[in-house]
Amino acid sequence: MNAPATPPVPVTPTIPGFAERRVPVGDGVALHVAVGGSGPPVVLLHGFPQTHLMWRHVAADLAADHTVICPDLRGYGASDKPREDGPDTYSKRTMAGDVVALARALGHDRFALAGHDRGALVAFRAALDHPAAVSHLACLDVLPTLDMWEALHGTAAAVGFHLYLMAQPPGLPERMIEASADAFFGHFLDAWAGDGGTAMPAEVRDAYLAACRAAVPSIVADYRASAGIDVEHDRADRAAGHRLAQPVTVLQQDWGAALGYEAAGLWGAWATDLRHRTVPYGHYMAEEAPEAVAGELRELMGRQGVGRA
């Protein structure tokens, strides 16, 4: 009689050549981070519903001449997921502080910073709050939080239904999403892909779904903060006339054509040195067009800053 087959052991994808570790960043929170390469430091922040793995191709490219730091954000992936005990727990200001503390713990007081989607909102806040630490800023396929909410209106805003769902008080959105987590997160992995999902191998997609399935409360808390305290912080900076003085590159799909806004103008109100590009790639551009994205980041890091505005 044949012995029963041993079920396969799930393989967790990694970035080849990168070392993984956990780094405490304060208040009892540690981030999971993959680090590789050598040279000037650049930190890459992932978006939703992903982990640091979304940067795997870009990170490997940049590691040829940079120290590349790819963390899972607070509340995502293998990083700690503190219980939401107030609006600050998952504010972008708090998450930006995590990133600056992480870089410092790894020996870097000043670094270039790129973020995609949710990670871009964290990167935007880090660049505003910590201009001495962030030398260059890249934001992929997002608007600053305040501008995002102001741009959403009418039936076209249905594309952002998840923003309104996760903005609700604690309880209902978490229960609704946990009841069908793979279908919920998988919807975005499929709907936002510009290449039919071919750039996202099954093992990577499965890793994203598993990570999100295990992090529903903290992911919702991250989005809930963006409907509250993050807007307050952006409004305060706008009222005070604070702007990003670092060289800034923004890569976006043409969401403005559907939602009726002019993205370069919105970003230009925040940045003194802006390169804005509308790109033909899907939302997951770091996976769909990694050579192009890496090239844009290299161009950005070669630009000279002009000091704080």
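In this text, all values refer to a predicted model and were calculated from it rather than measured experimentally.

## Things to note about the pattern of salt bridges
Close approach of charged atoms allows side chains of opposite charge to pair. Scanning the entire structure with this criterion turns up 24 salt bridges. Here Glu287 and Arg56 are joined by a salt bridge, their closest N and O atoms 2.6 Å apart. Placement of Glu287 in helix H13 (residues 285-288) and of Arg56 in helix H1 (residues 56-62) is noted, with a sequence separation of 231 residues between them. By relative accessible area, which is 4% here, Glu287 ends up buried.

## Considering the pairing of strand E2 (residues 29-37)
With seven of nine residues buried, E2 lies mostly within the body of the structure. Examined bridge by bridge, strand E1 (residues 19-26) and E2 share seven bridges and lie antiparallel to one another. Across the sheet, Arg22 pairs through a bridge with His32, a residue of E2. Here E1 folds back onto E2 in antiparallel fashion, the turn holding two residues, of which Asp27 has a positive phi close to 55°.

## With respect to the nonpolar core
With 103 residues, the main nonpolar core has Leu44, Trp55, Phe185, Leu244 and Leu297 as its most contacted residues. A per-element tally of this core places helix H3 (residues 118-129) first, with eight residues. Beyond its immediate chain neighbours, meaning those up to four positions away, Leu297 contacts Leu44, Trp55, Val58, Leu62, Ala114 and Ala138.

How each quantity is defined
- Residues numbered from 1 in each chain as written.
- Predicted model: local features only at pLDDT ≥ 70, side-chain atom pairs only at ≥ 80, totals over all residues.
- Heavy atoms only, no water.
- Salt bridge = Lys/Arg side-chain N within 4 Å of Asp/Glu carboxyl O.
- Helix = DSSP H or I, 4+ residues; strand = E, 2+ residues; numbered from the N terminus.
- Buried < 20%, exposed > 50% of the residue type's maximum accessible area, 1.4 Å probe, protein only.
- Pairing = 2+ DSSP bridges.
- Core = buried A, V, L, I, M, F, W, Y, C linked by side-chain atoms within 4.5 Å.
- Contact = heavy atoms within 4.5 Å.

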